[in-house]
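Single-letter residue listing:
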Number of protein chains: 2
Amino acid sequence: MATIDDVARSAGVSVSTVSYVLSGKRPISEPTRERVRKAVAELGYRPHAGARALASSRTQVIGLVAPLRAGVDVNVIMQFVAGVVTRARSFEHDVLLLTQDDVAGIERVSSGSMVDALVVMDVEAQDPRITTLLAVKQPVVLIGLPARPHGLSCVDLDFEAVGRLAVTHLVELGHRTIGLVGPPPSVLARHTSYAERLIRGLQSQAEEDGVHAVVEPAEPGHRGGQAATEVLLAVDGLTGIVVHNEAALPAVLDTIRQAGRRVPEDVAVLTVGPPEVALSQTPPVTSIDIPAQEIGGAAVDMVIERLASAGSPQTRLFSPRVTLGETTARH
Amino acid sequence: MATIDDVARSAGVSVSTVSYVLSGKRPISEPTRERVRKAVAELGYRPHAGARALASSRTQVIGLVAPLRAGVDVNVIMQFVAGVVTRARSFEHDVLLLTQDDVAGIERVSSGSMVDALVVMDVEAQDPRITTLLAVKQPVVLIGLPARPHGLSCVDLDFEAVGRLAVTHLVELGHRTIGLVGPPPSVLARHTSYAERLIRGLQSQAEEDGVHAVVEPAEPGHRGGQAATEVLLAVDGLTGIVVHNEAALPAVLDTIRQAGRRVPEDVAVLTVGPPEVALSQTPPVTSIDIPAQEIGGAAVDMVIERLASAGSPQTRLFSPRVTLGETTARH
DNA sequence: TTGAAAGCGCTAACAT
DNA sequence: ATGTTAGCGCTTTCAA
């Protein structure tokens, strides 16, 4: 591989000139710049990432902590990841992926200076990683909202507002008893941030509106969705179901039909998740979208910003909106 | 951050001794080793990844090329990724994730010496990345099987055998006309390796067995699966359906029922995909598993092996097996 | 506008 | 069994 010395020699300039042409950190005369560019192209030169990291203390790599836990909506995860990677690239950064659910990986890449910043997914209300993250020298952004952020930056969909919005939407349509097919028990058991926030919003809005809300977690897969839906359908006077569990959605629709109830005439269905999933059902399901890609991108924005200016941490919550399908109607 | 010099000073030894204690590349007396370890622990020392990469030409990072394309089974992708990351960690490697579908990322991380090796996913029959990969200095393993591997190492489930096995299983049960709900048209259009191989195996086995096979791609989502299934159900004498499209599976089962046909009495269903998805349906679907996690791990094994010994490239194909559910029966 | 040179923090050959 | 030291390939200060 060609080194910066080779380029300098070939262009008849010093290495620092080559470096400055590449970084643009000081003005270089047009002719020189052109000669350097030519030499770079001819030799197929690429700076050695390690050498650059050593000299500049910048790796151009963002660490993405994405534990692959049971019960998560894999489509949503992928969208987050895609958003992070894409936005990172737009800032000339690559992404190092950590999927192990421990604090060791965070410590390793952080104190080993493998990354410039960290984006952390699947945050829990009392996340055990927070202590470690607070001690990290790189900027950190959480995707999610712990009970106590301790001054860490956070970004997420406002899931509490999602819960409220779901209730409001259904109540406005005349529904008075509403069920939630929630995330799997395992997700709730570890107090996953988004799950608890949605339920909290749903319940408090229901209370404010004086309507009845029933929460029923669903195990992954068809049977989980089926079981939860059957429980809800047995609830007296229930006419609306909110689904916060991508894997259960087909089963929910299926089970309602099997029970001889019509959607939306007898039971309205509203799902929380990626638009594609909701809209590709039969019929298209009214949904509150999770703009996962956008949130992932925003996480990178925040982390890059703090890399540049060391500004103070902030929390950014995206407001939910309803995308109408054909599964909610006036009761 | 503490450097190796700090550790050496604190332990009263030279830097090389510290380095050798850490790498184990030369014998160190027990007392010295202990003093070094203690100093490392006290200072919380971690070698600087960039410095190490510069000096040793090893990054301890594997590049994972995983383009997030339309129509792929996201569960399967995730399993591959999980397999790669987990196995990589067991060899003290981390994973840099490239999701962009171009050759630029490969060139960047390869010639920038950001990775020690590359694992490439979602391989097409005539994959445009192959030329680039052949020029790369790091070891490469493809997950998938291009028409001409050109001497690159490959690992995958033997999808041709999957197609054959699916037919054999159904034919043995007495089925004579078989349908395939295939991957989305977009996946077929780009000649995705696994999709074409499965169809090839399915068709040639059908021919050999003198049975009729109909292939119908399915767009993602419920409606795609529904449409494809309706087409197949209209085929005269069709009694068996193979589903190679995770997102369509619930819709396929649903549509068969809606059409008033029973599973498996009237129509047998066999799916190709992760076991969890198949088994969590109602009823549990007979499946040919894609051991994605295992394959991802094997890819890492192969790449690590070549890093150690520069052995010659090889192709490893996993043999498919049927996991019985309740959706296939004698006709 | 450009160049020289001192590091950055390691590894590993070469000494002892 | 341990130490000394020359790089690894960059960035960036200091000079000119």
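Before reading on, note that the structure itself is shown above.
Just so we're clear, the structure is a prediction, and the values are computed from it rather than from any experiment.

1. Structural notes on the packing of helix 2 (residues 15–23) of chain B against helix 3 (residues 30–43) of chain B
In a packed pair of helices, the relevant descriptors are the angle between the two axes and the axis-to-axis distance. Residue and element names in this part refer to chain B. Where helix 2 contacts helix 3, the two axes come as close as 10 Å, and the packing angle between them is 90 degrees. Between helix 2 and helix 3, the interaxial angle falls into the category roughly perpendicular. Residue-level inspection shows T17, V18, V21 and L22 of helix 2 in contact with helix 3, the latter providing T32, R33, V36 and V40. For the contact of helix 2 with helix 3, the per-class residue count stands at five nonpolar, two polar and one charged.

2. Some details on the protein's contact with DNA strand D
Surveying the vicinity of DNA strand D reveals 29 residues, the closest of which are Y20 of chain A together with T17, R26, S29 and T32 of chain B. Counting only atoms of DNA strand D within 4 Å of the protein, the sugar-phosphate share comes to 51%. Take K25 of chain A: an N or O atom from its side chain is 3.1 Å from a phosphate oxygen of DNA strand D. Those elements giving two or more residues to the surface near DNA strand D turn out to be helix 2 (15–23) and helix 4 (49–56) of chain A together with helix 2 and helix 4 (49–56) of chain B. Tallying contributions element by element places helix 4 of chain A first for the surface near DNA strand D, with five residues. Residues of the surface near DNA strand D, tallied by class, amount to 13 nonpolar, eleven polar and five charged.

3. Overview of the relation of the copies chain B and chain A
Placing chain B over chain A gives an RMSD of 0.0 Å and needs a rotation angle of 180 degrees, together with 0.0 Å of translation along the axis. Accordingly, the operation relating the two chain copies is best matched by a two-fold axis. Take the interface residues of chain B: 100% of them recur as interface residues in chain A, which is what a same-surface contact looks like.

4. Points about the nonpolar core
The biggest cluster of nonpolar side chains holds 109 residues, and the ones touching the most others in it are L64, I143, V155 and V242 of chain A together with L64, V155 and V242 of chain B. If we skip the residues at most four places from it in the chain, V155 of chain A touches V141, L142, I143, G144, I295, A298, A299, M302, R316 and F318 of chain A. Judged by nonpolar contacts, the second largest core, of 37 residues, contains C154 of chain A together with V61, V65 and L145 of chain B.

5. Some words on the sheet that holds strand 10 (residues 286–289) of chain A
Strands in a sheet are paired, the pairing made by backbone hydrogen bonds, and the direction either parallel or antiparallel. Residue and element names in this part refer to chain A. Strand order in the open sheet formed by six strands is 7-6-8-9-10-12, with mixed pairing between adjacent strands. Both edges of this open sheet fall to strand 7 (212–217) and strand 12 (322–323), since each of them pairs with a single strand only. Strand direction decides the pairing type here: strand 6 (residues 177–182) and strand 8 (residues 240–243), joined by four bridges, are parallel. Counted as the bridge partner of L180 is V242 from strand 8. Contacts from helix 8 (residues 159–172) reach strand 6, strand 8, strand 9 (268–273), strand 10 and strand 12 within the one sheet, and its direction differs from that of strand 9 by about 165 degrees. Running over the sheet, helix 10 (residues 193–209) touches strand 6, strand 7, strand 8 and strand 9 and is turned about 160 degrees from strand 7.

6. Observations concerning the protein's contact with DNA strand C
What surrounds DNA strand C is a group of 29 residues, the closest being T17, R26 and T32 of chain A together with I4 and S19 of chain B. The contact atoms of DNA strand C, taken as those within 4 Å of the protein, divide so that sugar and phosphate hold 56%. Taking Y20 of chain B, its side chain carries an N or O atom lying 3.3 Å from a base nitrogen of DNA strand C. Breaking the surface near DNA strand C down by element, the ones donating at least two residues are helix 2 and helix 4 of chain A together with helix 2 and helix 4 of chain B. Among the elements that take part in the surface near DNA strand C, helix 4 of chain B stands out by supplying five residues, more than any other. Grouping the amino acids of the surface near DNA strand C by side-chain chemistry returns 13 nonpolar, eleven polar and five charged.

Criteria and cut-off values
Residues numbered from 1 in each chain as written. Chains lettered and ligands numbered in written order. Predicted model: local features only at pLDDT ≥ 70, side-chain atom pairs only at ≥ 80, totals over all residues. Heavy atoms only, no water. Axes fitted to C-alpha atoms, helices over the stretch in contact; angles between N-to-C directions. Helix = DSSP H or I, 4+ residues; strand = E, 2+ residues; numbered from the N terminus. Parallel < 35°, antiparallel > 145°, perpendicular 65-115°, else oblique. Contact = heavy atoms within 4.5 Å. Nonpolar A, V, L, I, M, F, W, Y, C, P; charged D, E, K, R; others polar. Near = heavy atom within 4 Å. Polar contact = N/O pair within 3.5 Å; in protein donor to acceptor, adjacent residues only side chain to side chain. Least-squares fit on C-alpha atoms with pLDDT ≥ 70 in both. Core = buried A, V, L, I, M, F, W, Y, C linked by side-chain atoms within 4.5 Å. Buried < 20%, exposed > 50% of the residue type's maximum accessible area, 1.4 Å probe, protein only. Pairing = 2+ DSSP bridges.

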